[in-house]
Each structure stands twice: as C-alpha cells, then as structure tokens.
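# A structural walkthrough
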Amino acid sequence: MSLETVTEHERILQEIESTDTACVGPTLRSVYDDQPNAHKRFMEKLDARIRNHDREIEKMCNFHHQGFVDAITELLKVRADAEKLMVRGYTIILNNEVIRCRIQQRNMATTVEKLHKPVSHVILFLFRYYSALKTMEQLENIYIPRVSQYRFCQIMAETLPKLREEIKEISMSDLKDFLESIRKHSDKIGETAMRQLCQTSVWSERPNTPPSQRPEHRVTWARKCFFNLVGFLFKVLTAQDLVDFSPVYRCLHIYTVLGDRETFENYYRKQRKKQARLVLQPQSNMHETVEGYRKYFNQIVGFFVVEDHILHATQGLVTRAFTDELWNMALSKIIAVLRTHSSYCSDPDLVLELKNLIVIFADTLQGYGFPVNRLFDLLFEVRDQYNETLLKKWALVFRDIFEQDNYSPIPVENEEEYKAVVSRFPFHDAEIEKQQFPKKLPMSQSVPQIYSQVKEFIYASLKFSESLHRSSTEIDDMLRKSTNLLLTRTLSSCLQNLIKKPHIGLTELVQIIINTTHLEYACKYLEDFITNITNVSPETVHTTRLYGLSTFKDARHAAEGEIYTKLNQKIDEFIQLADYEWGMAESDGRASGYLMDLINFLRSTFQVFTHLPGKVAQTACMSACKHLATSLMQMLLDTELKQISMGAIQQFNLDVIQCELFASSEPVPGFQGDTLQLAFIDLRQLLDLFMVWDWSTYLADYGQPTSKYLRVNPSTALALLEKMKDTSKKNNIFSQFRKNDRDKQKLIETVVKQLRSLVNGMSQHS
C-alpha cells in the first residue's frame, strides 16, 4: 500500500470520527473511487480503528464506573441538590465523553451499513430473523454473562426466550401463508410444467419405446426434462402471481437454529399430506368437460413439482421416501377417480382428450422421477372405454345409413359417377364394366357408405394409439381387435335389427343379402387398409384376423330366414282369403281367385329372387311351395270343418292342379326334374284317392313301397272320409230308398272301419 493511500485513509477516518453522519456518504464515495481493492484495505483499517475505540471505551467506562455509581447514589439521596450535583465538573466531563463515544459508535455503524449497501436486499430480508437469533445467541452466551450482575442484563436474558418464540410464531405464520399460496397456485404451477413439457424438444424427441424398457435413456431423458422444467419454473416463480419459497427456507433455518427442526419437519409434512388429499379430490362434474380433467391434473402436477423442488432445495425437510409415499397414495386415488369418471363419459372426443392429458400428465411427472407405469396400464382401460364410446357412436351412424337407404341397385349415368362409387368401395365386375351407360351396380347406396364408415372408425381408433409409445405390432393388434368388435357386435347388431323391422319387405331383404355379399368380399381390403396404416404384415405371427366374413354370413343367413318367414306370412294372408263352399254339389270348373292371385304374387317375387346368390332363391321357392301345400292340407283337415262334399273336393283339386302347374313352370331355375312338384305329392295322392274312389287299391297296397297312394296316411284319409260320410247322411234324406246310395254308404262305413283298424294298428305298433 502506498504512503499516499495510507495518509488518505487516515484522513477519512479522522473525518468520520469528527463529522455528523449526514456527511459520511460523500466521504466514503472517495474510497470506492480510488484503486480497485482500496475499499478492502480501508475496511481492514476501519476494523482496527473500531477495535481501538472499543478498548478505549471499555477502559474509560471501567475508570469512571465507581464515580458514576457514587454520583447516582448521591442523586437519589439528595434529590433537592440534584441540579447542583449535575453541574459538577466531573459529571460534565463524563457526559461529554459519553456523547463523543456515542457519536463515534453511530458513525462507525453508519459506515458499515454504507459499505455493505451493494449486498442484495433480498438476502438481508431472508436472513433477518436468522441474524437476530444469531445475535441473541451471542448475547446469551458471550456478552450477557460478562455483565450479568446488572439488572438490565437479567431483564434482557429473561426477554430472549420470548423473542425466540415470537420469531418462531412469525416464521410459522409466514409458512402458513406460503402453504395457502401453494394451495391456490398449484394448478398454475402444474399448467406451466405440463405446457413446458409440450414445448420442449424433449417431448418431440422422445422415442416411441416406453422409458421403462430403456433404462439407459430414461435417466438422461428425465434429467433433461427435470432441468428444463425446473429452470423454467424458477423463471416463472419470481413473478408476483406465483409462489415465493423463501418462507420455507427461513422457517427451516429458524427452527434449525432453535434446535426444533424435527417439529417443523413433522408439521410441514402433515400439512402437505392434508393438502394432497384435497388436491386429489375431484369435482363431481369433472367428467363433463376436458377443462375439468385438465384442472385436476394441473393441481396434482403443481403439488408434486413443489414437493420435488423442496426435496432438492432443502436438506431433509422432505425425503425421497416421503415423496414416494405421497405419490403412491396419490396414484391409487388418481386411478380410482379416472376409472369412475371416465365410465360416465359417452363422448369419444372427450375420452380421446382425456387420454392425451393422461399421457402429458404421466410424462411430466416421470420427468421428475415419479414412477408412472400404472398410469399407462390405466390407459388400456381408458382405451376400452374409448372403443365403447366409438362403438355407440358408430351404431347410430350405421342406423342412419340403413334408414336412409332405398334398397335399390345404385344407378350410374356416366363414367364419372361410376368412378365416384368405386373410389369409395372396392367393386370389380367384368360383366358390368362392359355394359353401356346408364347401368346399375348390384349393391345399394348403403354399401359404400358402410365401408367408408368402417375405415373412419379405424382412423378414430388409431388416434388413441398416438403418443402411447407402443410398437407397430401392438397398435396393429389393437386396431384389428377394435375393428372386429365393430363388425361382430355393432354392425352385426344393426343388421340383425334392420332385418327384423316390420317395414323391411321381401324386396329389401333380397337387397340386404346382396349387400352383405359385397361387404363380405370387401373385408380383405379392410385387412390391407390396416396393414398399410401399421406396416405390419398380415402374415406376422399372432396377427388377429378380421371376423367380417362371419358377421356378414350370419346377417345373410338371418335375412334368408326372414325371407322364408315373410314369404310364408304372405302365403298365409292369401290363404285367409279362401272362401270355399264346402257343401257345393259340383265345382266351378276353374281355379279359385285367391289361389291365382297367390300364384301371380309368387311368380313376380321369384323373378326378384333371381338376383340372390347361391341357392337362396331355390330354397325360398321350395320353402314357399311346401308351406302352401301344408296350408292347403291343414285347410282340408281343419277340425272346425265338419262336412265336405265331393263337389268341394273337385274344386280343391282344381286349385292343387294350378299349384302343380306353377311348380312345373320352373319359377326359379336350377331344380332337377319334378323336384318342386314333389312339394304337393301328399295332396295329389290324397285327392286322387277320393276323386277316383280307389279304396280297394289303397287298402290292398297299404304298406307296400310300390303303393300308388304311398304318401296317404290312414289317419288323414279317415279324417277326410268322416267329413264326407256326414255330408252323405245330411244331403240324402231318402238315400235309403235308392240302392246305389245305400251301397255307397255301406262302402264308406266299411272303409271307415278298415281305416280305423289301420290307425289303431299304427298306434299300437308305435
């Protein structure tokens, strides 16, 4: 140090000692204007001067102490002479010395304050109570014991514990305010953390493989994410609208100094557990909007971001074991809440947004080191819920398509319209392609619409798999399973309900069968569609196959069965119009009107059936003829019908002949020989037996495989003969006087007896 500098510092010290505090500032500025490290050397010299003055003050006080005490004693004894004593020279000198010392002390304190002015005001604020406690500790352990004989020192010593309690109470009050502030701002902190995760490159760079399967990457990713988020978080937390952590640090320091850290830790942890339970309690209507879920997740993330910061910023206030315990408790509650509330949701878009929130929520907390595997497991349950909502949505879509369909072949007027249809549905038919425009495609308009909607469903189902960090094979499997549910459950149910609807007639059923045939053919294109999306070959081991084939086959079989049922119902409606005059003497010589109408209906219906695939038309035709023959037979044998004349038999025979002519006209191609006519064989043999009155042949050949009337059952013949027997008795009052009638009546009675014998023999044999 140069002599000039030493001289200057000495001058400044003398000026500080002799000048009022208001003028100290300009004097000190010259210290900082000097050489770079001059203020440090000045501080050292100032400290030395302060120690010298302290020693002088102590010596002076010791020297004058007894005289001061004597003077005070005299003042107390002689109050009247107090003013005289105070003007004594000794007292004046002593007072002047004390005043001068106080001025020096005040100037030195001001100097120290001015020299420390560059230190952060925040640091002084944070450690105000901490410094006070340190000062009290020094007073209690060092200074007060030296002057403990004085009463004011005893009072001071008694006051210090109270001051400590006041400081504890003040710091605890600050901590409570902090906890309240954290509770209010948790959602804001969580929102910031989750938004930061989405904005950082870490989110976009993260591989598809789950971190749990990549331990070496997980640590790196978590660390990057953690530092990015914490850095951003502290940047935000300096603002007035978020949280200041200083009350926690201050309170922790105070309780540590006071030796009561454990009490503070227990209190803090207990309060945070209470807050955790409040944070984890959802709103009752949370499931109604995505904002309800978002606020719920933000609060939880905010809570654990704070705890993670406290974990790393303090030593032992919270431990990893404590945060893990909190997280495990929270995780169980979160999963239970999401299971319950997601089950209320019927909107697939809302479920999809919930899934995205869960992924961001899980990835955010995973970045802070919290295990989230159970959350990703939960996503599989949410995926099932998502698929259920999709299935319900598409059930309505399919229903609308079926209701709006006209169930007629699609007309195409030109090449442009044709390409528009085949661009939406994989239709290929060489014969139809050769035809000139305008032409018709065999399926109705619902077919390309259904096919397009199945593809839309696959796209919607795929959306859930995004960001789940699953392999292509897993995604392919999920898509195929959900598509199978759509085909085998939703679409199948819609088709079955459609087929059973009353307004769906035979023409519509025929078109439905044609439609399902084309949809069944298109299933292989849906397989290719999924393969192109996932890049997983259908030949891959364990690849799930689409079950569309069985769906459309089942629907087609149901439609075929419904065709047979409705056709039979229509035949029954015509049969109910029959109005036979069962007692007529002779037939009209022509078939009944109702039967001719029925046959005309069958002809026109079976012309439509030629478009049906396979043997559906043949089966329907055979079924109709059998039902017609059975209905006619039941009409003859109806127990309510008591009497039938031979004329009625002849009329009935004319109607059956028309049925046989219809069967032989090949209304549906593909029958071999007289296969279709055999449907009426029972009726034909029965009527021939009565028309020819060939009972001797019937009775003689009965039971023989070559019998002319092999299909005539004795009980059937007996029932019909009984009806004719009664008619003969009623219509021939004087028949007993006519030999031929009497012979015929006897023959009937004889045949009846023989038929009864055959019937009884059959019953005994059986």
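To keep things clear, this report deals only with the structure shown in the data block. (Residues numbered from 1 in each chain as written. Predicted model: local features only at pLDDT ≥ 70, side-chain atom pairs only at ≥ 80, totals over all residues. Heavy atoms only, no water.)

### A short note on helix H15 (residues 348-367)
Residues lying three or four places apart along an α-helix face the same way, a consequence of the helix completing one turn every 3.6 residues. Across its 20 residues, H15 extends 29 Å between first and last C-alpha, which sits within 8% of the 28 Å expected from 1.5 Å per residue. With respect to burial, H15 is a largely interior element, 17 of its 20 residues being buried. Its side-chain oxygen at 3.1 Å from the backbone nitrogen of Asp349, Asp347 defines the N-terminal cap of H15. A positive backbone phi angle near 90° is found at Gly369, which sits one or two residues after H15. (Helix = DSSP H or I, 4+ residues; strand = E, 2+ residues; numbered from the N terminus. Expected span 1.5 Å × (residues − 1). Buried < 20%, exposed > 50% of the residue type's maximum accessible area, 1.4 Å probe, protein only. Polar contact = N/O pair within 3.5 Å; in protein donor to acceptor, adjacent residues only side chain to side chain.)

### Some points on unusual backbone geometry
At the junction of Phe437 and Pro438, the peptide bond is cis and its omega measures out at -5° in the coordinates. You can see Pro438 is positioned in the loop between helix H18 (430-434) and strand E2 (439-441). The residue Asn535 is not glycine, and still its phi comes out positive at about 60°. Looking at the secondary structure, you find Asn535 in the loop between helix H21 (506-534) and helix H22 (548-575). With phi around 60°, Trp693 is a residue other than glycine that occupies positive phi space. Note that Trp693 resides in the loop between helix H26 (681-692) and helix H27 (695-701).

### Regarding the environment of Gln569
Along the chain, Gln569 turns up in helix H22. When the C-alpha atoms of Gln569 and His627 are compared, they prove to be 9.7 Å apart, with 58 residues separating the residues in sequence.

### Regarding the pattern of salt bridges
For side chains of opposite charge, pairing can occur when their charged atoms come near one another. Under the criterion given, the structure shown has 23 salt bridges. Among the salt bridges present, the one from Glu381 reaches Arg339, with a minimum N-O distance of 2.7 Å. A residue pair is termed long-range when its members are at least 10 positions apart, and Glu381 in helix H16 (residues 373-404) and Arg339 in helix H14 (residues 320-344) qualify at 42 residues. Lys500 is paired through a salt bridge with Glu562; the nearest N and O atoms lie 3.3 Å apart. Of this pair, Lys500 sits in helix H20 (residues 472-500) while Glu562 is found in helix H22, placing the two residues 62 residues apart along the sequence. (Salt bridge = Lys/Arg side-chain N within 4 Å of Asp/Glu carboxyl O.)

### Here we look at helix H24 (residues 616-637)
The terminal C-alpha atoms of H24 lie 31 Å apart, and with 22 residues this matches the ideal 32 Å at 1.5 Å per residue to within 8%. Burial analysis of H24 places 16 of its 22 residues in the buried class, the great majority of the element.

### Quick look at the packing of aromatic side chains
Enumeration over the complete set of coordinates arrives at 29 aromatic pairs. Judged by centre distance (5.7 Å) and plane angle (50°), the ring pair of Phe178 and Phe245 falls under tilted. Placement of Phe178 in helix H8 (residues 151-199) and of Phe245 in the loop between helix H10 (215-237) and helix H11 (246-257) is noted, with a sequence separation of 67 residues between them. Accessibility assignment for this pair places Phe178 and Phe245 in one class, buried. Note on Tyr296 and Phe297: the rings are 6.0 Å apart at their centroids and 55° apart in plane angle, and the pair reads as tilted. (Phe/Tyr/Trp six-rings, centres within 6.5 Å; stacked < 30°, edge-to-face > 60°.)

Functional significance is not addressed by these values, which are geometric in nature.
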